[in-house]
Amino acid sequence: HQFVYLFRYLGDEEDGVISKVSHSQALLTKLQQKVKQKQKQILAKQREWTGEEETEQQEVPSETKDEKRSSEEHQQQQKRRRKSKTGVLLDADSNNSEPAGKKRRKGAVDKKQRMASVSPESCRRETEREQEVEESNKDSSAATGFRVLGGFESRPVNKATRVLPQWLAEPDVIHRDIKCNLVPLSSVSGVSAQLLRKLEANGIQHFFPVQAEVIPAILEGAQHGLLIGRGGYRPRDLCVSAPTGSGKTLSFVIPVIQVLMERTVCEIRALAVLPTKELAQQVYKVFASYAEGTPVKVVMLGGQRSFAAECASLSEQRGSVRCSAADIVVVTPGRLVDHISKNPGFCLEHLRFLIIDEADRMIDSMHQSWLSQVLKAVYCSAAGPEARTLFRRTEPACITAASLSPGQMPLQKLLFSATLTQNPEKLQQLGLHRPQLFSSVHGPSSSTTAADPTHKHERFDFPQGLTEFYVPCTMNKKPLLILHFILYLKLRPILCFTNSRETAHRLYRLVQLFGGVQAAEFSSRLSPGERKNTLKNFEQGKIQLLISTDAAARGIDISAVKCVVNYDAPQYIRTYIHRIGRTARAGKPGLAFTFLLGVQENNFLRMVMEAGSPGVQKQLVKPESLKGMEERYEVVLQELADVIKVDGVTVATSPFHCSSCFKLL
Ligand SMILES: Nc1ncnc2c1ncn2[C@@H]1O[C@H](COP(=O)(O)OP(=O)(O)OP(=O)(O)O)[C@@H](O)[C@H]1O
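Remember, predicted model here, so these are calculated numbers, not experimental data.

How each quantity is defined
Residues numbered from 1 in each chain as written. Predicted model: local features only at pLDDT ≥ 70, side-chain atom pairs only at ≥ 80, totals over all residues. Heavy atoms only, no water. Pairing = 2+ DSSP bridges. Helix = DSSP H or I, 4+ residues; strand = E, 2+ residues; numbered from the N terminus. Axes fitted to C-alpha atoms, helices over the stretch in contact; angles between N-to-C directions. Contact = heavy atoms within 4.5 Å. Salt bridge = Lys/Arg side-chain N within 4 Å of Asp/Glu carboxyl O. Buried < 20%, exposed > 50% of the residue type's maximum accessible area, 1.4 Å probe, protein only. Right-handed = clockwise from strand over helix to strand, strands pointing away. Domains from an automatic or database assignment. Polar contact = N/O pair within 3.5 Å; in protein donor to acceptor, adjacent residues only side chain to side chain. Near = heavy atom within 4 Å. Areas by Shrake-Rupley, 256 points an atom, 1.4 Å probe, with all protein chains shown as cover. Nonpolar A, V, L, I, M, F, W, Y, C, P; charged D, E, K, R; others polar.

Draft legend 1. Structural context of the sheet that holds strand S19 (residues 616-618). Here 7 strands make up an open sheet; going across it, the order is S15-S16-S14-S17-S18-S13-S19 and the pairing parallel. Two strands in the sheet have a free side with no partner beyond their single neighbour: strand S15 (519-522) and S19. On average, each strand axis in the sheet is inclined to that of its neighbour by 25°, with strand direction left out of account. For strand S13 (residues 466-472) and S19, the ladder comprises 3 bridges, and the chain directions are parallel. Of the residues in S19, the one forming a bridge with Tyr470 is Lys618. Packing of helix H18 (residues 478-487) onto the sheet brings it into contact with S13, strand S14 (494-497), strand S16 (545-548), strand S17 (563-566) and strand S18 (590-596), and relative to S18 it is tilted by some 160°.

Draft legend 2. Highlighting the pattern of salt bridges. Counted under the stated rule, the structure contains 17 salt bridges. In this structure, the salt-bridge partner of Asp360 is Arg554, at a minimum N-O distance of 2.9 Å. With Asp360 in helix H14 (residues 359-364) and Arg554 in the loop between S16 and S17, this residue pair connects regions lying 194 residues apart in the sequence. For the pair Asp360 and Arg554, a shared accessibility class is recorded, and that class is buried. When salt bridges that share partners are traced, they join Glu310, Arg335, Asp338 and Lys342 into one network.

Draft legend 3. Layout of the pairing of S18. Along S18, 6 of the 7 residues are buried, which leaves the element largely enclosed by surrounding structure. Direction of pairing for S13 relative to S18: parallel, over a ladder of 7 bridges. Residue pairing across strands places Leu466 opposite Gly590, the latter belonging to S18. Considered for its hand, the β-α-β crossover made up of S17, helix H21 (residues 573-580) and S18 is right-handed.

Draft legend 4. Focus on the domain arrangement of the protein. According to the domain assignment, the protein consists of domain 1 (168-382 + 409-439) and domain 2 (466-647). Each of domain 1 and domain 2 was reduced to a C-alpha centroid, and the two centroids are 33 Å apart. Every contact between the two is made by 18 residues of domain 1 and, on the other side, 17 residues of domain 2. Connecting domain 1 to domain 2 are 4 salt bridges. For Arg554, the salt bridge is made with Glu358, and the minimal N-O distance between the two is 2.8 Å. Taken together, the links from domain 1 to domain 2 amount to 9 residue pairs in polar contact (both at pLDDT 80 or more).

Draft legend 5. Seen up close, the environment of Gly345. Its location among the elements puts Gly345 in the loop between helix H13 (333-342) and strand S10 (353-357). We classify Gly345 as exposed; its relative accessible area is 56%. Residues Gly345 and Gln422, spaced 77 residues apart in sequence, show a C-alpha to C-alpha distance of 37 Å.

Draft legend 6. A look at the site of the ligand. Surveying the vicinity of the ligand reveals 19 residues, the closest of which are His206, Gly245, Lys248, Thr249 and Asp557. With respect to the ligand, the backbone of His206 contributes an N or O atom lying 2.7 Å from a nitrogen atom. Gly245 has a polar backbone atom sitting 2.8 Å from an oxygen atom of the ligand. Bound to the protein, the ligand loses 83% of the 640 Å² it would expose on its own. It is helix H10 (residues 248-260) that contributes the most residues to the shell around the ligand, 3 residues altogether. Class assignment for the residues of the shell around the ligand results in 6 nonpolar, 8 polar and 5 charged. Mapping the shell around the ligand onto the domain boundaries places at least three of its residues in each of domain 1 (168-382 + 409-439) and domain 2 (466-647).

Written out as structure tokens, the structure is:
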């Protein structure tokens, strides 16, 4: 294009030379002259920028006004072209606002900095490469009169290594093997006889490894009373990453009740935030059970009752004084924000513990800004008259002699998850104070990988008693497989996960129509009351097959679940870990099956192995094993189409969306 442009430009200009030599030769000569002129101009301008005397400029024949304009236009066009091709200017440009000399100096500095940050060997290679490019540029410049741009060949780039903060890279290790690392209750000091008796009464003879590590750490932070931590400093925030079913709940319930047992003030001093109503209900039950018989009061705010009823449950009349009826509040983020903003009686100024269970999921729900609202409510008295009271607290800042006197009521954050993120940017959103991480390791062979901060994939712990299988299948065999598991292999109760509530509902209807299995569904199609009853029935053994969305994937503790089936393969490793973690809890054995279509096999197996799974075994089900059910299945599919129509399930949102495709369910 540049050539075409220049030829056209030169062709418009008639002069006497053209009549003597051939047209093309004349054009070429003219072109070379123009290029030389341009180079001289650029050189002159560079000198001008660098403060040198402009001498050669005068030797350049002066251009007519039109030529100048055309030349400028040409430059502009070239510049635009270069920009659009490479995104950057590759040559010294007189229209550039940055002086060329300055550019050169900057380039040299950049290069120096680059050189300083790489190894001597790569330094040498880079210099050699640049010299080669320069040499070839010189040769071609001499031959053609053009400056040849270069240096576009692909070069190896030094990989950036991920460096974790020390607290994440070097955690306090929790033993993964529960059974071999049970700790006698009496070995953990600081737990009152009353709580120990309660533990024993609930069938707990030993502490699990996570409890033996975390309970003393929380108690230590409150050893010198509620006001100060060890050595007079604010206690460190704690993060706990331990496998599903390893007993994380008791590792915060016991020490928090222990610390708050001396009921010095009637105020909310612990807040446990959980992502769903069902989980909040479950944790509330554990808190309530261990707080019974102590002065500590626990209140649940999950939206099951009216807002007014929840407000009333938070305060009580003591003579003429109204005070908090709750020491510990268990809450979901939505309801928490409602109480902070609409309930004037909801006071967090005395909050000592903020427990964030399923912390990675809670970080993802940070858009609800629940944490910033909690912190605002916690530190709101700093500027008011209460600022002079014993419980004065200010926003955490640098520790100075002045900031430590008088003592402040600290707020300690306690984070728990089986899949705690290692992403420092995500964790930063929580504003952790000198965090301490407790984490389990993956066994001797892979422990170095787990601790290796440069490892590309996040690795997690899998429950020890768990055996993982995958079942290769086709879409239309999936319902038959689940029926086969229940009716012939007698694997029950089964917790079965689908990726959508529509699939959960249709599968539930199909199993119902097929008969012979007590099934139920669990998803957002159900009201909170219905979900609560369904879980209760499942726990009591009244349901053999519970077909659920990921609503039941996290935290739900039902010890009877012997088998988890991923009817739909999970998309994310975290989802997989939480789903399969509904079985093999508390060191018990459990089975997890994942139904995989041919196209899913490789990706799924890679994802699971990279996450640190000890291995997923292939489980083949012979087609003959399903033969006996096929006739009935065909009949049921016809009935199902009508049932689904009545139920009003949006067929279009489903992957099985035409009547013939119901066969694919
Ligand atoms: N020391 C113990 N001895 C016996 N059973 C225990 C002990 N600690 C906890 N458990 C039981 O282990 C089960 C799992 O505990 P918990 O629900 O706290 O696990 P978790 O680590 O929170 O799991 P998830 O990550 O799935 O939420 C519960 O039924 C609990 O009662």
